[in-house]
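# Working through the structure, step by step
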Amino acid sequence: MKTIGLIIAVLTGALLIYATADFPAWGDPHSPASLHVSPYYIEKTIEETAVPNIVTSVLADYRGYDTMYETTVIFSAGVACFLLLRTFRRKEPEERLYRHVLTGVTIHAKRGKLPPSGDFERIDTAWTPPDLIIKTMCRLLIPFIQLFALYVIAHGHHSPGGGFQGGVMLGASVILLAISQDLRTAVRRLGEKVDALLCAAGVFIYAGTGALCLLLGLNFLDYSALVRVLPCDPIMARSHGIFIVEIGVGIAVMATMIWIYCNVSSSGEYDEGL
Amino acid sequence: MVWPLDLAILTLVVIVGIGAITVKDLLGAAILFGAYSFMMCLLWSIMGAVDVAFTEASVGAGVSTVFFVAAVFRTSRRTKD
Amino acid sequence: MGDLIQAIVAKYNYWIYITLMMIGLYAMIAKNNLVKKIVGMNIFQTAIILFYVSTGVKRGGTLPIIEHGHGGHSHVIHAADYINPLPHVLMLTAIVVSVATLGVALALAIRIYNRYNTLEEDEILAQIREE
């Protein structure tokens, strides 16, 4: 198998290198890729959408249909992970493990539940004592990560960034909480049902904005129809429409990253994490 | 475009890529994959593609590496090949 | 000899990107372990994204964010001053789709491990043949 793989890789590589003889030189300003559609986008983006970041305006306005389906792909990947891995146990495990917080004594409670009080905490078989330094530093860092992620989403018009990057950072902040403390702590903060509903709500915001533009009289995802709803001129309406769909994308991506992490790191059982 | 910097980072990317598929410890392969993603992010920043570099830094070097480490934790860590 | 050197200097970047793609392709075909195959798939995907983004580079062009964009419509914008933003847009979608594919691939690998208790492809095939 290895020799077959090596022969295939070398043969394909040789064919591709032979094909690069026809390519334009690297970095050529007159290569055909830069001559047809993209000068229109570069020259017209300020006067049509008032957004200086050309990548954001092309992603969310000129090619907004692709981005809507990309958000749908992200959502369906989260659903696929959930359907593959999630198991709901029919019966309770035979014994639960509780640990007295002050002394560290572990109690196995068979067929009964201890009443919830502050003295005992529930642990799992793969429990390790959380390190105080990591726990405290992550608790101090997570609000700043989330604040920066919200800044990246909101400032995507003028600086590199936008919905995807901010959404991934928001998801990463909750994953940091799950890693530094416990998966149970993260699931208590942001429950599983809320997470799945947020994921669907992100896609709904995106497609709903497009449908709203259709209902208000223009084409699907033509944001200048939003002048009937927002008090501004059509150019600023396109800029605000881009912002609304970026929020939708950010919410969907955040919820999917958390969902996939929770399913993969606990093999679907949601009891122990990493 | 500074060509010595470009060439140096490209050489490092190829070496890290070959390393990520050759090591026998799967956790090492996951971490080397994170390093490979980060080198790619540097390459795109040099080329001027800042949005793509930002996305690859957060997605590739962040969340992808965490998914790999979580999956290696749930399965086995050694491999024979 | 002179224009051979010229041709190499103009195109060596593409050759290195093709080398990266072939490393990923080799790992997907020839490696036995499933996680190594998934790592090879991701190396292949990022190498293709690198190739696409490199077709938009222009010598002397700057980042695709319009300068002085806030107040004035008074500056004339030349398309030759900015690098081509269209491959960047398409590759943003590609990166996000690749992380979604990675999540599903790792979920499948965990299910296979739970069923067969190994991740090596030849042992899995031997166990399937015995059933």
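Residues numbered from 1 in each chain as written. Chains lettered and ligands numbered in written order. Predicted model: local features only at pLDDT ≥ 70, side-chain atom pairs only at ≥ 80, totals over all residues.

## Considerations on the overall build of chain A
Cut-off, in case you're wondering: Helix numbers and strand numbers start at the N terminus; a helix is a DSSP run of H or I with at least 4 residues, a strand a run of E with at least 2. Neighbour counting defines burial: a residue surrounded by 20 or more other C-beta atoms within 10 Å of its own C-beta is buried, one with 12 or fewer is exposed, and intermediate counts give partly exposed, using backbone-placed C-beta atoms.
What chain A contains, in helices and strands, is 9 helices and 3 strands. Reading the secondary structure of chain A in the N-to-C direction produces α-α-α-α-β-β-β-α-α-α-α-α. With 274 residues in all, chain A has 35% of them scored as buried.

## A short note on the overall build of chain B
Spelled out, the test is: In this description, any two residues whose backbone-derived C-beta atoms lie within 7 Å of each other are considered to be in contact.
Scanning chain B from terminus to terminus reveals 3 helices and 0 strands. Of the regular secondary structure in chain B, the N- to C-terminal order runs α-α-α. For the C-alpha atoms alone, the extent of chain B along its principal axes is close to 45 × 25 × 10 Å. A total of 81 residues make up chain B; the buried ones form 51% of that total. Partitioning the intrachain contacts of chain B with sequence separation of at least 6 by distance along the chain shows that 52% fall at a separation of at least 24.

## Some details on helix 1 (residues 2-19) of chain A
Stated precisely, the cut-off is as follows: To estimate how far a helix should extend, the number of its residues minus one is multiplied by 1.5 Å.
Relative to the 26 Å expected for 18 residues at 1.5 Å per residue, helix 1 of chain A spans 26 Å between its end C-alpha atoms, a close match to the ideal helical length. Counting buried residues along helix 1 of chain A, only 1 of its 18 residues qualify, which leaves the element largely exposed.

## Observations regarding the interface of chain C and chain A
Cut-off, in case you're wondering: Gly is placed with the polar residues, together with every amino acid not listed as nonpolar (Ala, Val, Leu, Ile, Met, Phe, Trp, Tyr, Cys and Pro) or charged (Asp, Glu, Lys and Arg).
The interface of chain C with chain A comprises 44 residues on the first partner and 49 residues on the second. Those elements that place two or more of their residues in the side of chain C that touches chain A are helix 1 (2-30) and helix 3 (86-116) of chain C. If one sorts the elements of the side of chain C that touches chain A by residue count, helix 3 of chain C sits on top with 15 residues. The residue inventory of the side of chain C that touches chain A, partitioned by class, reads 29 nonpolar, 11 polar and 4 charged.

## Quick word on helix 2 (residues 34-54) of chain C
Compared with the 30 Å implied by 1.5 Å per residue over 21 residues, the 31 Å span of helix 2 of chain C between its first and last C-alpha is a close match. Counting buried positions over the 21 residues of helix 2 of chain C gives 15, a clear majority of the element.

## Regarding the packing of helix 5 (residues 132-154) of chain A against helix 6 (residues 163-180) of chain A
Residues and elements named next belong to chain A. The cut-off we apply is this: Where helices are involved, their axes are fitted lines through C-alpha atoms of the stretch in contact, as for all axes, and angles between N-to-C directions lie from 0 to 180°. Each angle receives one of four descriptions, namely roughly parallel if under 35 degrees, roughly antiparallel if over 145, roughly perpendicular if within 65 to 115, and oblique otherwise. Crossing handedness: left-handed means the near helix sits turned counterclockwise from the far one by under a right angle, and right-handed means the same turn made clockwise.
At a minimum axis distance of 8 Å, the contact between helix 5 and helix 6 shows a crossing angle of 170°. For the element pair helix 5 / helix 6, the angle class is roughly antiparallel. As for how helix 5 packs across helix 6, the hand of that crossing is left-handed. In this structure, helix 5 uses I134, K135, C138, I142, I145, Q146, F148, A149, L150, V152 and I153 to contact helix 6, whose residues at the interface are G163, Q165, G166, M169, L170, S173, L176, L177 and S180. Taken together, the residues of the contact of helix 5 with helix 6 sort by class into 13 nonpolar, 6 polar and 1 charged.

## Focus: the nonpolar core
Within soluble globular proteins, side chains that are nonpolar tend to cluster in buried spots. Put simply, the test is: By convention in this section, buried Ala, Val, Leu, Ile, Met, Phe, Trp, Tyr and Cys residues joined through C-beta atoms within 7 Å make up a nonpolar core.
Counting 122 residues, the largest nonpolar core has M257, Y261 and V264 of chain A, F67 and A71 of chain B together with V35 of chain C as its most contacted members. Of the residues forming this core, the biggest block, 16 residues, is contributed by helix 9 (residues 234-265) of chain A. Once you skip the residues sitting within four places of it in the chain, V35 of chain C turns out to touch L26, A29, A71 and V72 of chain B together with A109 and L119 of chain C.

## Some thoughts on unusual backbone geometry
Even without being a glycine, A50 of chain A presents a positive backbone phi close to 60°. Looking at the element boundaries, A50 of chain A is found in the loop between helix 2 (38-49) and helix 3 (54-62). Positioned with a positive phi, N117 of chain C is a non-glycine residue whose angle comes to about 65°.

## Some remarks on the interface of chain A and chain B
Across the boundary between the two partners, chain A contributes 18 residues, which contact 15 residues of chain B. Secondary-structure elements contributing two or more residues to the side of chain A that touches chain B are helix 6 and helix 9 of chain A. Per-element tally for the side of chain A that touches chain B: the top contributor is helix 6 of chain A, with 7 residues. Here the residues of the side of chain A that touches chain B sort into 12 nonpolar, 6 polar and no charged.

## Looking at the packing of helix 2 (residues 26-47) of chain B against helix 3 (residues 50-74) of chain B
Residues and elements named next belong to chain B. Close contact between helix 2 and helix 3 brings their axes to 8 Å; oriented N to C, the two are set at 175°. In terms of their interaxial angle, helix 2 and helix 3 are classed as roughly antiparallel. Contacts between helix 2 and helix 3 involve L26, L27, A30, F33, G34, S37, F38, M40, C41, W44 and S45 on the former and, on the latter, V50, V52, A53, E56, A57, G60, A61, S64, T65, F68, V69 and V72. Here the contact of helix 2 with helix 3 is composed, by residue class, of 16 nonpolar, 6 polar and 1 charged.

## Thoughts on the confidence of the model for chain B
Applicable threshold: pLDDT measures the predictor's confidence residue by residue and takes values from 0 up to 100.
Residue-level pLDDT values for chain B average 91, and 99% of them are 70 or greater. Ranking the elements of chain B by mean pLDDT puts helix 1 (residues 3-22) of chain B last with 92 and helix 2 of chain B first with 94.

## As for the environment of D271 of chain A
With respect to the helices and strands, the residue D271 of chain A is situated in the segment after helix 9. A C-alpha to C-alpha distance of 33 Å links D271 of chain A and Y151 of chain A, two positions 120 residues apart in sequence.

## Some points on the environment of V59 of chain B
Among the structural elements, V59 of chain B can be located in helix 3. When the 27 C-beta atoms within 10 Å are taken as the criterion, V59 of chain B is described as buried. Sequence separation between V59 of chain B and V23 of chain B is 36 residues; the distance between their C-alpha atoms is 23 Å. Setting aside residues up to four positions removed in sequence, V59 of chain B forms contacts with V168 of chain A, S64 of chain B together with I95, V96 and V99 of chain C.

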